[in-house]
Amino acid sequence: MSLVVLGTVALDNVKTPSGAKKDMLGGSAAHFAMSARLFTDVHMVAVVGKDFPVRHLDFLKRKGIDLSSLEINRGKTFRWRGEYKKDDLNTALTLATELGVLQNYVPELKEHQKNLSNIFLANFDPDL
């Protein structure tokens, strides 16, 4: 079994009571793909900007995720900035989002992915 995941790949800036991290690999497609790859072959369909770190691409490739439908477009990658408070680490507070290249993205699958019978639609604009 193989599956396609369509969703976001993001750069996250997160603050917690333990500290803050910038430009972490984030997004619904990235998080789902990292879990699903433990059970099946994963084909990721998403978009990032030219500012997306190569280290994140290399990481996803090393984990065996097919990135042939991951587009790298001119512009900035989707970004999320959030915070987790000490009294409720289960709830993320969204402080800012920047859509970047996600704003005009139209997903496209490669030919070898079009006949896969399993797809996971991660958090994404429903109109797309």
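Residues numbered from 1 in each chain as written. Predicted model: local features only at pLDDT ≥ 70, side-chain atom pairs only at ≥ 80, totals over all residues. Heavy atoms only, no water.

(A) Molecular detail of the side chain of Asn 13. Its location among the elements puts Asn 13 in strand β2 (residues 10-16). A polar contact of 2.7 Å, which involves the side chain of Asn 13, links it to the backbone nitrogen of Asp 23. When residues no more than four places from it in sequence are discounted, the contact partners of Asn 13 are Lys 21, Lys 22, Asp 23, Trp 80, Arg 81 and Gly 82. (Helix = DSSP H or I, 4+ residues; strand = E, 2+ residues; numbered from the N terminus. Polar contact = N/O pair within 3.5 Å; in protein donor to acceptor, adjacent residues only side chain to side chain. Contact = heavy atoms within 4.5 Å.)

(B) The arrangement of the pattern of salt bridges in detail. For the coordinates displayed, the defined rule picks out four salt bridges. A salt bridge links Asp 23 to Arg 79; the nearest nitrogen and oxygen atoms lie 2.6 Å apart. Placement of the pair is Asp 23 in strand β3 (residues 19-26) and Arg 79 in strand β6 (residues 79-85), with a sequence separation of 56 residues. A relative accessible area of 27% means that Asp 23 is categorised as partly exposed. On the basis of relative accessibility, which here comes to 18%, the residue Arg 79 falls in the buried class. Linked through salt bridges whose partners overlap, the residues forming this network are Asp 23, Asp 51 and Arg 79. (Salt bridge = Lys/Arg side-chain N within 4 Å of Asp/Glu carboxyl O. Buried < 20%, exposed > 50% of the residue type's maximum accessible area, 1.4 Å probe, protein only.)

(C) Just the sheet that holds strand β5 (residues 66-73), in detail. Spatially, β5-β4-β1-β8 is the arrangement adopted by the four strands of the open sheet, whose pairing is parallel. The outermost strands of the open sheet, each flanked by one partner alone, are β5 and β8 (119-121). On average, adjacent strands in this sheet sit at an angle of 15° to one another, irrespective of strand direction. Here five bridges tie strand β1 (residues 2-6) to strand β4 (residues 41-49), and the two strands are oriented parallel to one another. Within β4, the residue paired with Val 5 across the bridge is Met 44. The sheet contacts of helix α1 (residues 28-36) involve β1, β4 and β8, and relative to β4 the element is tilted by about 160°. The sheet strands contacting helix α2 (residues 54-62) are β4 and β5, and the helix crosses β5 at an angle near 165°. (Pairing = 2+ DSSP bridges. Axes fitted to C-alpha atoms, helices over the stretch in contact; angles between N-to-C directions.)

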